[in-house]
Amino acid sequence: MDNEAFRQWSRTAADWGADYRANLRERPVRAQTKPGDIIRQIADAAPEAGEAMEAIFADFERIIPDGITHWQHPRFFAYFPANAAPVSVIADYLVTSVAAQCMLWQTSPAATELETRVVDWLRQALGLPDGFAGVIQDSASTATLAAVLVMREKALGWKGNSEGLAAHGAVRVYASKQVHTSIDRAIWIAGIGEANLVRIPTKGPLNGMDPEALDAAIRADLESGHIPAGVIACTGGTSIGACDPIAEVAAVVKAHGLYLHVDAAWAGSAMICPEFRTLWKGVEEADSVVFNPHKWLGANFDCSVQFIKSPEDQVRTLAIQPEYLKTHGHDGIVNYSEWSVPLGRRFRALKLWFLMRYHGLEGLRTMIRNHVRWSEELAERIAAEPDFEIVSKPVLSLFSFRHKGRGDSDQHNIALVNAINDDGRIYLTQTRVDGRIAIRFQAGQFEMTRDDADTAFTVITEIARTWN
Ligand code: PLP
């Protein structure tokens, strides 16, 4: 492709993106295609001869958008949001055009130095003390894996990477049942094994880990000759927003000299608002904290920030420096790939820089406060409906509810979720609370308005009513 064609098609793509965003409310939120609908329309082998861009672009428009679930739709209330604020998309156009590989300082000094700066902007915005350094990871799953590897290495006297785990006793990690499955996967990949992920019971309105039970579990493991390594606490668990009492958990962790990682992948964005910080009170005691600006804050996927007290420990765990990756002659530089599992890195700092400068922290706070308020209002309206019950109260902008239908309640609520999503005006998902299905709602989409919350109420009650 020559540069003129590149220019023209880039403009066409940008125009398409702007039109797409402008008309999102007219689309069903969840893709309404059936399995196989898309693949049937794609040739079963690559063409031998190149094709015209006109044909490729026309096929994109004909086949792809209808097969997309529209995560930027203002009435996307499922999972957690994956907000891509327009300004961060513009930053990513630039990043994609420049297409630098940012694994080392010298492979793109601007990417490294901007990353250092914007991650520190975020640290300040979240109210974390300046003892934390930070790095942008691709996902919270990767950040948690890095934290688990560090806690494992520290517990094994830095010998796990070299000797393997067989030479040692069982490494133990502690978490409640409310943590995200990325914690289980980190434990598997780190070779610790699910059997050594000790589940601590929860209690209280926020379904937080019981610190006394945590202490007892660690003591029992020490007596049995196991090797306690660390605790993974959550602020804003995926299912119902569970929050562990970080200060109390941290006191137990410190007393036993263990490592504390806090997963605030979703709720972390809300901590730019000081009034929500009680949910992670004591977080300054953590060794590692992860949150995803690619969820609620508006930096398009992927962009997960990990704050770390001791980057030296993470580098000691993950860095490998063959000659071909060495950067001779530069003192005091940071090579962020040494803080991460993958070597290659995208230039992710640019979208954070654009996002925070364009909206300002106050603009982002207003968005988050609105979502929390609209979600609370919706929960109140649903609670007042005769056939509905609130299952978990709002934690920030997440709550769950159940419709009391005839017959089996689980089947009924799953069928209701499916009917709501087939309708297309809104999109939400289900979860399981105390063994029973509940319908999960979270408000968080960047372009959402209060009218969208009203529409959610109308759709939920209207469809449920037709079933009575
Ligand atoms: N932690 C929590 C609490 C989550 O809700 C999620 C995803 O929804 C994750 C971790 C995993 O995030 P990622 O997709 O960035 O790995």
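Residues numbered from 1 in each chain as written. Predicted model: local features only at pLDDT ≥ 70, side-chain atom pairs only at ≥ 80, totals over all residues.

Points about the domain arrangement of the protein chain
In plain terms, the rule: Start and end points for every domain follow an automatic or database-based domain assignment.
For the protein chain, the assigned domains are domain 1 (3–70), domain 2 (101–346) and domain 3 (367–465). For domain 1 versus domain 2, the separation of C-alpha centres amounts to 38 Å.

What about the sheet that holds strand β12 (residues 429–433)?
In plain terms, the rule: Only strands joined by at least two bridges in the DSSP assignment are considered to pair. Helix numbers and strand numbers start at the N terminus; a helix is a DSSP run of H or I with at least 4 residues, a strand a run of E with at least 2. Axes, fitted as lines to C-alpha atoms, cover a helix only where it is in contact. Angles between the N-to-C directions of the axes lie from 0 to 180 degrees. A residue pair is marked as a contact if its C-beta atoms, positioned from the backbone, fall within 7 Å.
Strand order in the open sheet formed by four strands is β10-β11-β13-β12, with antiparallel pairing between adjacent strands. Looking at which strands have only one partner, the edges of the open sheet turn out to be β10 (388–395) and β12. This sheet shows a mean twist of 35° between the axes of neighbouring strands, independent of strand direction. Bridge count between β12 and strand β13 (residues 436–442): five bridges; the pairing is antiparallel. The residue bridging Thr-429 from the neighbouring strand is Arg-440, located in β13. The strands touched by helix α12 (residues 349–383) within the sheet are β10, β11 (398–403) and β13, with β10 carrying the most contacts at an inclination of about 160°. Running at roughly 30° to β13, helix α13 (residues 409–423) makes contact with β11, β12 and β13 of the sheet.

Details of the UniProt feature "modified residue: N6-(pyridoxal phosphate)lysine" (unreviewed entry) in the protein chain
Selection criterion: UniProt positions are given in the numbering used here, feature names are shortened, and annotations may be inferred rather than shown by experiment. Put simply, a residue is buried when 20 or more other C-beta atoms lie within 10 Å of its own C-beta and exposed when 12 or fewer do; between those, it is partly exposed, and each C-beta is set from the backbone.
Feature annotation in UniProt places "modified residue: N6-(pyridoxal phosphate)lysine" (unreviewed entry) on Lys-295, given in this structure's numbering. Looking at Lys-295, the number of C-beta atoms within 10 Å reads 25, which means it is buried. Those residues within four positions of Lys-295 in sequence are excluded, and the remaining contacts are Phe-80, Pro-81, Ala-82, Ala-265, Trp-266 and Ser-269.

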